[in-house]
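Next come the chains, spelled out residue by residue.
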Number of protein chains: 2
Amino acid sequence: MNSTVTDYGKAAGVFKLLAHPARLQMLDELRRGEACVCHFQQILGRPQAYVSQQLGVLRDAQVVDAERDGVNMIYRIVDAQVARLLDDLLGEPDSYREAPACPCPKCGDESQVDGACNYIVMDLKEVPVPTRTREGG
Amino acid sequence: MNSTVTDYGKAAGVFKLLAHPARLQMLDELRRGEACVCHFQQILGRPQAYVSQQLGVLRDAQVVDAERDGVNMIYRIVDAQVARLLDDLLGEPDSYREAPACPCPKCGDESQVDGACNYIVMDLKEVPVPTRTREGG
DNA sequence: GCCTTATATTCAGATAACTGCATATAGTGT
DNA sequence: ACACTATATGCAGTTATCTGAATATAAGGC
């Protein structure tokens, strides 16, 4: 069995997950590494319940994965196929933007001090995206 | 200017186009070549107006392109990026299914007789999909 | 040219689904 | 207790989906 989806309803469901600006932006952040919920709150400028709801959609679809670290919940991408789709539409994560410094209130403007939510790392260790050459991009 | 989309609303709009089983199935057919409207009527089992509306959505987004041939309208994919997304999620067009014989009423069971709508061809001459190697697929 | 038939588009309208937001409640860790 | 997060519910506004009728275009017969 390969990793492709042949059922149109199921495939459309995958696209439907990505057909949402907030979810897409969060996934785009997660392509660069893990992130906590408060991180998305700052980035999206949305209330916590809203962020959690959208993350819940992605978690329910097993696109992302959550793990507790103290008071924070750390999210990361676990669906390599979705990561590939994002690469196709948004480009490689490091191709057009630096990984942003975490703008969480607890992080403040200091860059990743100890105790802050420095979950943004440039290492998708859980997402083995297949290596490819891109001649057209 | 590269071919990637950096705006989340715009990117979500692209995914939204594909987040629909009927549109997805039609695009999957179009990956294999051109097709007339009546072809989709048969494949989807939907009325003409419905098929035309969904094709209109894709046409309006400039994902597909329509050209008249006598009484028929011939559709084809013109958005290479969308074709790439479909490749990622559904696999290569020829990797899991043969190009179906056109099941239109006028085509009948005869295989592509003259005068029939033999628009299904395995040649995406209008879609210059960039060549890639897929080591992970 | 005129009429008919086949193909396809467009419009109007009803139904269903989604979105964004607020709020409330509960669980977990410090 | 307090901070962070998850989950549930309700609501108003928006959008998508699908059906059916009307319209446009092309081909063939007279």
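Residues numbered from 1 in each chain as written. Chains lettered and ligands numbered in written order. Predicted model: local features only at pLDDT ≥ 70, side-chain atom pairs only at ≥ 80, totals over all residues. Heavy atoms only, no water.

Student: Please explain the protein's contact with DNA strand C as it appears in this structure.
Tutor: If you check the shell around DNA strand C, you find 20 residues, and the closest are His20(A), Arg46(A), Gln48(B), Ser52(B) and Tyr75(B). Backbone atoms, meaning sugar plus phosphate, form 74% of the atoms of DNA strand C positioned within 4 Å of the protein. Contacts to DNA strand C include His20(A), whose side-chain N or O atom sits 2.7 Å from a phosphate oxygen. Counting residues per element, the ones that place at least two in the surface near DNA strand C are α4 (48–60) of chain A together with α3 (37–44), α4 (48–60) and β3 (72–77) of chain B. Element by element, the count of residues in the surface near DNA strand C is highest for α4(B), at 5 residues. Looking at the surface near DNA strand C residue by residue, the classes come out as 9 nonpolar, 7 polar and 4 charged. (Near = heavy atom within 4 Å. Polar contact = N/O pair within 3.5 Å; in protein donor to acceptor, adjacent residues only side chain to side chain. Helix = DSSP H or I, 4+ residues; strand = E, 2+ residues; numbered from the N terminus. Nonpolar A, V, L, I, M, F, W, Y, C, P; charged D, E, K, R; others polar.)

Student: Mind showing me how you'd approach the environment of Cys36(B) here?
Tutor: Assignment of secondary structure puts Cys36(B) in strand β1 (residues 35–36). With 32 residues separating them in the primary sequence, Cys36(B) and Arg68(B) have C-alpha atoms 9.4 Å apart.

Student: Got a minute to help me understand the protein's contact with DNA strand D in this structure?
Tutor: Lining the immediate environment of DNA strand D, one finds 22 residues, of which Ser52(A), Asn72(A), Tyr75(A), His20(B) and Tyr50(B) sit closest. For DNA strand D, the backbone makes up 69% of the atoms found within 4 Å of the protein, where backbone means sugar plus phosphate. In this structure, a base oxygen belonging to DNA strand D sits 3.1 Å away from a side-chain N or O atom of Gln53(A). Contact distances for DNA strand D include 2.9 Å between a phosphate oxygen and a side-chain N or O atom of Asn72(A). Of all the elements in the fold, those that place two or more residues in the surface near DNA strand D are α3 (37–44), α4 and β3 (72–77) of chain A together with α4 of chain B. Take the surface near DNA strand D: its biggest share by element is 5 residues, from α4(A). Among the residues making up the surface near DNA strand D, the classes are represented as 10 nonpolar, 8 polar and 4 charged.

Student: How should the sheet that holds strand β2 (residues 64–69) of chain B be read in this particular structure?
Tutor: Strand pairing within a sheet occurs via backbone hydrogen bonds; the two strands may be parallel or antiparallel. Residue and element names in this part refer to chain B. Strands sit in the order β1-β3-β2 across an open sheet of 3 strands; the sheet is antiparallel. The strands lining the two open edges of the sheet, one partner per strand, are β1 and β2. Here β2 runs beside β3; their pairing, made up of 6 bridges, is antiparallel. Within β3, the position partnered with Glu 67 by the bridge is Ile 74. Relative to the sheet, α4 contacts β2 and β3, its axis offset from that of β2 by approximately 120°. (Pairing = 2+ DSSP bridges. Contact = heavy atoms within 4.5 Å. Axes fitted to C-alpha atoms, helices over the stretch in contact; angles between N-to-C directions.)

Student: Help me out: how do you make sense of unusual backbone geometry in this one?
Tutor: Excluding glycine, most residues fall at negative phi; most peptide bonds, likewise, are trans. Positioned with a positive phi, Gln62(A) is a non-glycine residue whose angle comes to about 60°. Tracing the chain through its elements places Gln62(A) in the loop between α4 and β2 (64–69).

Student: Any chance you could explain the packing of helix α2 (residues 21–31) of chain A against helix α5 (residues 80–90) of chain A here in plain terms?
Tutor: In a pair of packed helices, the angle between the axes and the distance between the axes together describe the arrangement. Residue and element names in this part refer to chain A. At a minimum axis distance of 11 Å, the contact between α2 and α5 shows a crossing angle of 100°. Regarding the angle of α2 to α5, the classification is roughly perpendicular. Contacts between α2 and α5 involve Leu 24, Leu 27, Asp 28 and Arg 31 from the first element and Val 82, Ala 83, Leu 86, Asp 87 and Leu 90 from the second. Within the contact of α2 with α5, the residues separate by chemical class into 6 nonpolar, no polar and 3 charged. (Parallel < 35°, antiparallel > 145°, perpendicular 65-115°, else oblique.)

Student: Would you explain the nonpolar core in this entry?
Tutor: Soluble globular proteins: nonpolar side chains tend toward being buried together. Ranked by size, the top nonpolar core spans 60 residues in total, and within it Phe15(A), Leu27(A), Phe15(B) and Leu27(B) carry the most contacts. Apart from residues lying up to four places away in sequence, Phe15(A) is in contact with Leu85(A), Phe15(B), Leu18(B), Ala19(B), Leu24(B), Leu85(B), Leu86(B) and Leu89(B). (Core = buried A, V, L, I, M, F, W, Y, C linked by side-chain atoms within 4.5 Å. Buried < 20%, exposed > 50% of the residue type's maximum accessible area, 1.4 Å probe, protein only.)

Student: I would appreciate a short explanation of the packing of helix α2 (residues 21–31) of chain B against α4(B) in the present structure.
Tutor: Residue and element names in this part refer to chain B. Contact geometry for α2 and α4: axes closest at 10 Å, N-to-C directions at 75°. It follows from the interaxial angle that α2 and α4 lie roughly perpendicular. Of the residues in α4, those in contact with Ala 22, Arg 23, Met 26 and Leu 27 of α2 are Tyr 50, Val 51, Gln 54, Leu 55, Val 57 and Leu 58.

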